[in-house]
Amino acid sequence: MSTPVAVRRSAPEPLTSQGLAALLGEHVGELSERLVLDILVAEQSYLEATSLTRDELATVCTGNLRSMLDALTTGASGDLEPARAAGRIKAENAVPLAALLHAFRLGGRLIWAELTAAAAGRAPEVLLAMATEVWALVDTYSDAAAEAYRDAADRLALDDADARRMVLRALFDETASDPAAVQDALRAFRIPDAGHFAVVSAETTVDRGATPGSARESVLPLGVESVWDTDADGHLGLLVASAPTVLDDAVDTLGRLYGTRLGVGTYYERSLSTPTAVAQARTARRCAPPGSARISRYDACPVPLLLVSTPDAAARAARQILGPLAVAEGPHRLADRDSLLETLDAWFAAAGSTTAAADRLHYHRNTVLYRLRRIHDLTGRDHTNPVDAAELYVGLRAAELARVR
């Protein structure tokens, strides 16, 4: 065993913790050499299994020992950049995280052994106080290094196209049963644990040409960060904003960008709820009729939500309620079917006002009244009867969503 470097000269008088640390600081180079040897002995395959060189390891050790001893000497919190640099370098050179943390423990053990030797049995109360400082410092530096290691590892993973796709799949997997995998994906994309989040499901068309990249760029000026993935027939986006109102603005912006059906899950404040929001956004998108440019929010479309959740029941409801108006194509399709359903839709949108519906459609009010009477004749349901009106609304929405023949 080599002689402790600090006993080659007398410890300063009077003996203080700062003086002991300053004494060790004069021998950082020698301490670093000792630490490199300790690490290589403890981790037999440290260099063989990674691309880290001995010189790089020595540089990392020297930087962290000097920073920790400076912190002990001055009583300051310490410069954590050497620890972060160690984490990044070891991640980039495929050194296991466990080996990184073990190296910091070995460094703490070396510092403590040198402090004990330098004190030479004197002032045990000083050493006792320093024990807490040393190991608290080791914990602080280890945590900083581990955080930087994970960030670097995530960045490296995202640089690889295949790895990025796997991380995205984990992030947008609505059936995810492993919270750890979701947490890893969230961390990889620097998504905070808490905040204001929303997931959107956007339908894509060739003529619109929206891309995940253009979607991200469209909401950035609003202060919204987002992560995007391609879906079977569209795009999925996770939005992160400072407030729900900012999310509202982002959703409106995306609606204009895509110009197609856009589903929005319920807003949430814990990022681990993302898989649930993904399922909601996909379902919400189906609450708008195909070919429309409607934004559907999961928590604001209860009737369509029920219908898309039970498509067979929706088809039956359309047939039973609308009768001949439910036939969308074929020889039995009514010639004025679309105009009748359009009038009914406008009447509901106008909260039951025939005058307002006529204004919406640019028709005379009597035209609207005529068509509503014709709907009564064809379906047997009177729009002035609340129960019949409710059924007509369900039938209308069912016909839109089910495209019943």
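Residues numbered from 1 in each chain as written. Predicted model: local features only at pLDDT ≥ 70, side-chain atom pairs only at ≥ 80, totals over all residues. Heavy atoms only, no water.

**Considerations on the pairing of strand β2 (residues 225-231)**
Bridge count between β2 and strand β3 (residues 234-241): seven bridges; the pairing is antiparallel. Residue pairing across strands places threonine 230 opposite histidine 235, the latter belonging to β3. (Pairing = 2+ DSSP bridges. Helix = DSSP H or I, 4+ residues; strand = E, 2+ residues; numbered from the N terminus.)

**A closer look at the nonpolar core**
Counting 45 residues, the largest nonpolar core has Leu20, Ile111 and Leu115 as its most contacted members. Elements supplying a minimum of two residues to this core: α1 (17-25), α2 (28-42), α3 (54-74), α4 (81-92), α5 (97-119) and α6 (124-159). Apart from residues lying up to four places away in sequence, leucine 115 is in contact with Leu20, Ala21, Leu24, Leu127, Met130 and Val134. With 30 residues, the next largest nonpolar core counts Val308, Ala314, Ala318 and Ala346 among its residues. (Core = buried A, V, L, I, M, F, W, Y, C linked by side-chain atoms within 4.5 Å. Buried < 20%, exposed > 50% of the residue type's maximum accessible area, 1.4 Å probe, protein only. Contact = heavy atoms within 4.5 Å.)

**Quick look at the packing of α1 against α5**
Running from N to C, α1 and α5 point in directions that differ by 115 degrees, and their axes come no closer than 10 Å. Between α1 and α5, the angle falls in the class roughly perpendicular. Note that α1 runs across α5; the crossing there is right-handed. Residues Leu20, Ala21, Leu23 and Leu24 of α1 lie in contact with α5, whose contacting residues are Ile111, Glu114, Leu115, Ala118 and Ala119. (Axes fitted to C-alpha atoms, helices over the stretch in contact; angles between N-to-C directions. Parallel < 35°, antiparallel > 145°, perpendicular 65-115°, else oblique. Left-handed = near helix turned anticlockwise from the far one by under 90°.)

**Concerning the side chain of serine 226**
With respect to the secondary-structure elements, serine 226 resides in strand β2. In terms of polar contacts, serine 226 uses its side chain to reach the side chain of tryptophan 228, at 2.8 Å. The residues touching serine 226, leaving out its near neighbours within four places in the chain, are Arg216, Val219, Leu238 and Leu239. (Polar contact = N/O pair within 3.5 Å; in protein donor to acceptor, adjacent residues only side chain to side chain.)

So yeah, pure geometry; function would need other evidence.
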